[in-house]
Amino acid sequence: MNPYLPQPYTILEFRRESPDTFTLTIDLKKRHSPGQFVQVSVPGIGEAPISICSDSRSYVKLNIREIGNVTRALAKSKKGGKIWIRGPYGKGYPMKALEGKNLVLIGGGCGVAPLKGVIDYIEHHRSKYRDIHLFLGYRSPEEILFKKELREWKKNYRLEVTIDQNQHGAFCYDAKVGFVTEAINAAVLDPHKSAAFLCGPPVMMKASIDLLKQKGFQEDQIFISAERLMYCALGVCCHCMIRGKFTCVDGPVFRYDEIGAFTHD
Amino acid sequence: MVLYRLEKKRLGELIGRLMLDAEVIAPVKKDVVRFLPIAHPEEIHLERNAFFPAKEYFFPQHQTLFQFDGKSFAPVIPKPKKRVFFGLRRCDLTAIRHQDLAFEEVKDPYYETMRKSALLIGYHCPKAPSPYCFCGSLPQIEFFDLMFFDQQTGFLVETGSEKGEQIVREHPELFALTDLPKPDTKIPGADRLHVENIAPLYDHPDWKKGADQCLSCGACTALCPTCYCFEIHDEVSTANPDAGKRSRSWSSCQLPGFTRVAGDHVFRKERDHRFKHRIFHQLEYFKEKHGVPLCVGCGRCIEACPTRIDFVKLLNEMKT
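Our next topic: the overall build of chain B. A count of helices and strands for chain B gives nine helices and 12 strands. Relative to the globule expectation of 20 Å for 320 residues, the C-alpha radius of gyration of chain B, 21 Å, shows essentially globular dimensions. Structurally, chain B occupies a C-alpha span of about 65 × 60 × 35 Å along its principal axes. Classification of the 320 residues of chain B by burial places 56% in the buried group. Summarising the internal contacts of chain B: among those between residues at least 6 apart in sequence, 72% fall at separations of at least 24. Of the roughly 14,400 Å² of accessible surface on chain B, 52% is carried by carbon and sulfur atoms. For chain B, the centre of its 45 positive side-chain charges and the centre of its 43 negative side-chain charges are spaced 3 Å apart.

Here is the structure:
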């Protein structure tokens, strides 16, 4: 089996999520765990790693931001169309090992996508986890993702949505204006029997980790999902290496103490 | 381990016979010494090590992985070509083994096909061929089909595999069994790296000293016999934008684009972070995964550097 060979799948749904993101539902029926990703190909343009934002045996959902060549080309996908994929790849969040714990989920921008996979998983195994606290930060009300799901999450979990600014006074789903770190700072978090999952821009993750540590979280209670340039997704091309660990096979979810200062390594 | 003796004057005869059913690739002196397919045994140049390693024969600088036409992806696996590599120094042989470790892990069919059909004949350096050599400071492995030790009038030939034994068996009139002892495999003048464990040096300020002279040209990684990083890109024809090929090419961790993600964020933006990453991958990270350092001590990255950044000297001078 050629490990670089993508396979064709069908797009079951195309949903516009925000002005520059969309969510594809794909008939990929392979087992996956929250935090894993797939390599999506657009022949002639290239491949891009996209994290899975669902938890199902009968499909995968990919929330994609139009930011590079491949993702801009994918934005032209249509329901019923074909998509080339290999994977799923990587190690996701250690959901099994963290059963019985409180979970704090901190996401920034399109970093909320892999956490949505975690939330779906939690919904399917709700009794196995204690308090769930979600901190989701966006730059503006327009960029808020998974608006449909937000109402459900608000009912079931402790949910804080922040937006950096709301210049036009748009409807913003009860989001507070300010950085996500301000919401974390103001919240009462019990580090005992807890773990925190983070995914977002490096600066936001670094600041959030500092706050979590101030609140008594140890580095081995913090799990981050790293974003890196990658080509092979198999652990050989080396572009995604962080201190000798491959984001594609050893990650993309790492326990924070395993990779240290991930912002420049 | 069995040792044979081959008269120096009969080397040409052996190579000529090997050329009958295989492409023989050996160091040849052109603009610089390179591994090239030879047409005559006299082209073989053993005075200096090749400026370029042999890695391009297993892991080409550019290689097509697939052809696509809008409906399917068709793998383009290279046809195995019977090749004999002659004159590989110990560092280059070890480098091939280390690249094997990296590509074996993912069962890379492109690399595997090129490697499988190659016979490796080594040439033991009588002394360090370059002032930058430091293979003696790193673990040495015995990895060859045949190894040639240069003696006054002849070669002592050690067999290292069944494939190597077979060559000897096929040419009994050229190889004479000998009971001479195996020569010392230590290469004089090749043990200039004095730091065994670089892990404690991670936060040392002197990485900047080396990086300050770096022009980010990527010569070090291109000439390294072990560097195996690559990128994958698609190309399409202008006539039919649905058809094209997906290829991989060497890439260099010394260039800022190596860690650039969509949205233009670069993780290893500073030269010292990139320089340190290269040396740590070579001496530390690969060892954590595979038990051996990736670097083989050939010194090419230093010799080829336009500003001669000597990381061995730099490491030796770093005080913890």
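On to the domain arrangement of chain B, then. Reports of interface size often rely on the accessible area that becomes lost once the parts have come together. Residues and elements named next belong to chain B. Segmentation of chain B into domains returns domain 1 (3-52 + 78-177) and domain 2 (199-317). With centres defined by C-alpha atoms, the gap from domain 1 to domain 2 works out at 27 Å. Residue-level contacts link 25 residues of domain 1 with 27 residues of domain 2. Roughly 2,200 Å² is buried in total at the junction of domain 1 and domain 2, and carbon and sulfur atoms are behind 66% of that figure. Inspection of the domain 1/domain 2 interface yields three salt bridges. A salt bridge links Glu303 to Arg48, with the shortest nitrogen-to-oxygen separation between them at 3.1 Å. In this structure, the connection of domain 1 to domain 2 is made through 12 residue pairs in polar contact (both at pLDDT 80 or more). Looking at the side of domain 1 that touches domain 2, the elements that each hand over two or more residues are α2 (90-104) and α3 (109-116). The element best represented in the side of domain 1 that touches domain 2 is α2, accounting for nine residues. Its residues assigned to classes, the side of domain 1 that touches domain 2 comprises 16 nonpolar, five polar and four charged.

Turning next to the sheet that holds strand β7 (residues 102-108) of chain A. The pairing of strands in a sheet comes from backbone hydrogen bonds and takes either a parallel or an antiparallel form. All names here are of chain A. Strand order in the open sheet formed by seven strands is β10-β9-β8-β7-β11-β12-β15, and the pairing between neighbours is mixed. Because the sheet does not close on itself, it has two edges, and the strands there are β10 (176-177) and β15 (253-255). As paired strands, strand β12 (residues 222-225) and β15 are joined by three bridges and run antiparallel to one another. The partner of Ser225 across the bridge, within β15, is Val253. Contacts from helix α2 (residues 112-124) reach β7, β8 (132-138) and β11 (194-199), with the element oriented near 150° to β7. Against the sheet, helix α5 (residues 202-214) engages β7, β11 and β12, with an angle of about 165° to β11.

This part covers α2(A). Residue pairs three or four apart in sequence face the same way in an α-helix, which turns once every 3.6 residues. All names here are of chain A. Taking 1.5 Å as the rise per residue, α2 with 13 residues should run 18 Å; its terminal C-alpha atoms sit 19 Å apart, in good agreement. With 11 of its 13 residues buried, α2 lies for the most part within the structure. Elements in contact with the buried residues of α2: β4 (46-51), β5 (60-65), β7, β8, α3 (147-156) and β11.

Let's shift gears to the side chain of A:Gln36. Examined against the element boundaries, A:Gln36 turns out to sit in the loop between β2 (21-26) and β3 (37-42). Those residues in contact with A:Gln36, other than ones at most four positions away along the chain, are A:Arg31, A:Ser51, A:Ile52, A:Pro88, A:Tyr89, A:Gly90 and A:Gly92.

Before going further, it helps to spend a moment on the environment of B:Val2. All names here are of chain B. Structurally, Val2 is set in the segment before β1 (3-7). For the pair Val2 and Asp179, spaced 177 residues apart in the sequence, the C-alpha separation amounts to 8.6 Å. Once residues within four sequence positions are removed from consideration, Val2 is found in contact with Val157, Glu158, Thr159, Glu165 and Leu177.

This paragraph deals with the packing of aromatic side chains. One pass over the full model with this rule turns up 30 aromatic pairs over all chains. Ring geometry for B:Tyr57 versus B:Phe85: centroids 5.4 Å apart, planes at 70°, classification edge-to-face. Pair noted here: B:Tyr57 is in the loop between β3 (33-37) and β4 (62-68) and B:Phe85 is in strand β6 (residues 83-88), with a separation of 28 residues, a long-range link. Grouping residues by exposure puts B:Tyr57 and B:Phe85 together as buried. Geometry around A:Phe146 places A:Lys116 over its ring, the cationic atom sitting 5.4 Å from the centre. Against the face of B:Phe267 rests A:Arg228, its NZ or CZ located 3.5 Å from the ring centre.

Okay, α5(A) next. Spanning 13 residues, α5(A) covers 18 Å between terminal C-alpha atoms, matching the ideal 18 Å at 1.5 Å per step. Of the residues trailing α5(A), A:Gly216 is marked for its positive phi of about 100°.

Further remarks concern unusual backbone geometry. Geometrically, the link from A:Gly87 to A:Pro88 is a cis peptide bond, its omega value of 5° lying close to zero. Within the secondary structure layout, A:Pro88 lies in strand β6 (residues 82-89). Here the bond from A:Gly251 into A:Pro252 is cis, since omega is 10°, no more than 30 degrees from zero. Secondary-structure assignment places A:Pro252 in the loop between β14 (245-246) and β15. The residue A:Phe146 is not glycine, and still its phi comes out positive at about 55°. Relative to the elements of secondary structure, A:Phe146 occurs in the loop between β8 and α3. A:Phe146 gets classed as buried once you look at its relative accessible area, which sits at 1%. Positive phi is not limited to glycine here, since B:Asp264 has a value of about 70°. Relative to the assigned elements, B:Asp264 resides in the loop between β12 (244-250) and α7 (271-290).

Cut-offs used in this document
Residues numbered from 1 in each chain as written. Chains lettered and ligands numbered in written order. Predicted model: local features only at pLDDT ≥ 70, side-chain atom pairs only at ≥ 80, totals over all residues. Heavy atoms only, no water. Helix = DSSP H or I, 4+ residues; strand = E, 2+ residues; numbered from the N terminus. Rg over C-alpha atoms; globule rule 2.2 N^0.38 Å. Buried < 20%, exposed > 50% of the residue type's maximum accessible area, 1.4 Å probe, protein only. Contact = heavy atoms within 4.5 Å. Areas by Shrake-Rupley, 256 points an atom, 1.4 Å probe, with all protein chains shown as cover. Lys, Arg positive; Asp, Glu negative; His and termini not counted. Charge placed at Lys NZ, Arg CZ, Asp CG, Glu CD. Domains from an automatic or database assignment. Buried area = accessible area lost by both parts, 1.4 Å probe. Salt bridge = Lys/Arg side-chain N within 4 Å of Asp/Glu carboxyl O. Polar contact = N/O pair within 3.5 Å; in protein donor to acceptor, adjacent residues only side chain to side chain. Nonpolar A, V, L, I, M, F, W, Y, C, P; charged D, E, K, R; others polar. Pairing = 2+ DSSP bridges. Axes fitted to C-alpha atoms, helices over the stretch in contact; angles between N-to-C directions. Expected span 1.5 Å × (residues − 1). Phe/Tyr/Trp six-rings, centres within 6.5 Å; stacked < 30°, edge-to-face > 60°. Lys NZ or Arg CZ within 6 Å of the ring centre and 35° of its normal.

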